[in-house]
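Descriptive analysis of the structure
Listed here are the chains, written in short residue letters.
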Amino acid sequence: MLPLSFKEFLTFYEFEPSVTLEEKFQRYLQFGGMPNLREYQFNEARSNQALEGIYSTVVLRDILQRNRQADQAMLQKIILFLYSNIGSITSPNSIGNVLSQEGDIHAGRDKNVAGKTVDKYISMLRSAFIFYSVGRYDVKGKQLLKTLGKNYIVDMGFRNMLLGYRDTDREHIIENIVFLELLRRNYRVYIGKVGDTEVDFVAGRPNDRLYIQVTESMQSAETRGRELRPLRMIPDNYEKSYCRWTEAISQFLRRY
């Protein structure tokens, strides 16, 4: 079961009439969709304390107790890396290389982190439903690709609790929320590769497929051309759409 969607969030909480839809959405981005936060009425300190309790319970009990050989410090490093890079194309090897370099800087010694080790820890996180890994799909070749996927978090509140709330990475934040909404609607989701370009989501159900681009703004002609180019390159007649930052979720929920 996933945390509250934005639509559920709107009915679950009570808002003053003066609060705009965009302000509600900002609160959703900051606090996430864990239902038990309702009693704290958007109090940041108390909400973070509650989220930290959930996070610690899941990490310490559900992951470490099930995987006795797991190293808590390594697990924490990988979690923080994934939180900082939601929606970015990565691989276990590339993550391992970054963590190895950080180990050299902080510890002053060589400590390589193998890709297979990272992959094992990410598998633990998927099993605990903290992260979802999304593979790439070659739209024209109609085949799954084995490398360079993305990872999305189950709830933005956990990320903000650990890293602090920031909305500078808005496109990837919106990607994360749209991805979860597609899961709620029983789509199988992939990252689309179209030639040398990328479609944020290829979402399929029996007899149905969507191609979705997520962007912060479509104001400039250059941005509009860049974002629409992958969609225009897809030769089939399934629906193709994009989500802009200021209206992304309300638009998305109205249409689907």
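This one's a predicted model, so the numbers in the text were calculated from it and none came from an experiment.

To continue, consider the overall build of the protein chain. On a plain count of helices and strands, the protein chain comes out with ten helices and six strands. Out of the 256 residues belonging to the protein chain, those deemed buried represent 46%. In the protein chain, the share of contacts with a sequence separation of at least 24, taken over all contacts with a separation of at least 6, comes to 57%. Working note: accessible area of the protein chain is about 13700 Å², and carbon and sulfur atoms make up 46% of it.

To continue, consider the pattern of salt bridges. Counted under the stated rule, the structure contains eight salt bridges. Note that Arg66 and Asp62 form a salt bridge whose closest N and O atoms lie 2.8 Å from each other. The class for Arg66 is exposed, based on a relative accessible area of 66%. Judged by relative accessible area, Asp62 falls into the partly exposed class, the value being 23%.

Ile78, Leu125, Leu182 and Phe201 are the most contacted members of the largest nonpolar core, which totals 63 residues. Setting aside residues up to four positions removed in sequence, Phe201 forms contacts with Tyr152, Glu175, Val178, Phe179, Leu182, Val189, Tyr190, Ile191, Leu210, Tyr211, Ile212 and Val214.

Let us now look at the confidence of the model for the protein chain. Across the protein chain, the average pLDDT comes to 85, with 88% of residues at or above 70. By mean pLDDT, helix H10 (residues 248-255) is the weakest element of the protein chain at 52, and helix H6 (residues 115-127) is the strongest at 94. Note on residues 105-110: pLDDT is under 50 here. Beyond four places in sequence and across chains, it has four contacts.

Under the definition given, this model contains 18 aromatic pairs. Ring centres of Phe9 and Phe15 lie 6.0 Å apart, and the angle between their planes is 50°; this geometry places the pair in the tilted category. Look at Phe15 and you get buried, because its relative accessible area is 18%. Judged by centre distance (6.0 Å) and plane angle (55°), the rings of Phe9 and Phe42 are tilted. Here the residue Phe9 occupies a position in helix H1 (residues 6-12), and Phe42 occupies one in the loop between helix H2 (21-31) and helix H3 (44-64), the gap between them amounting to 33 residues.

Cut-offs applied
Residues numbered from 1 in each chain as written. Predicted model: local features only at pLDDT ≥ 70, side-chain atom pairs only at ≥ 80, totals over all residues. Heavy atoms only, no water. Helix = DSSP H or I, 4+ residues; strand = E, 2+ residues; numbered from the N terminus. Buried < 20%, exposed > 50% of the residue type's maximum accessible area, 1.4 Å probe, protein only. Contact = heavy atoms within 4.5 Å. Areas by Shrake-Rupley, 256 points an atom, 1.4 Å probe, with all protein chains shown as cover. Salt bridge = Lys/Arg side-chain N within 4 Å of Asp/Glu carboxyl O. Core = buried A, V, L, I, M, F, W, Y, C linked by side-chain atoms within 4.5 Å. pLDDT = per-residue confidence, 0-100. Phe/Tyr/Trp six-rings, centres within 6.5 Å; stacked < 30°, edge-to-face > 60°.

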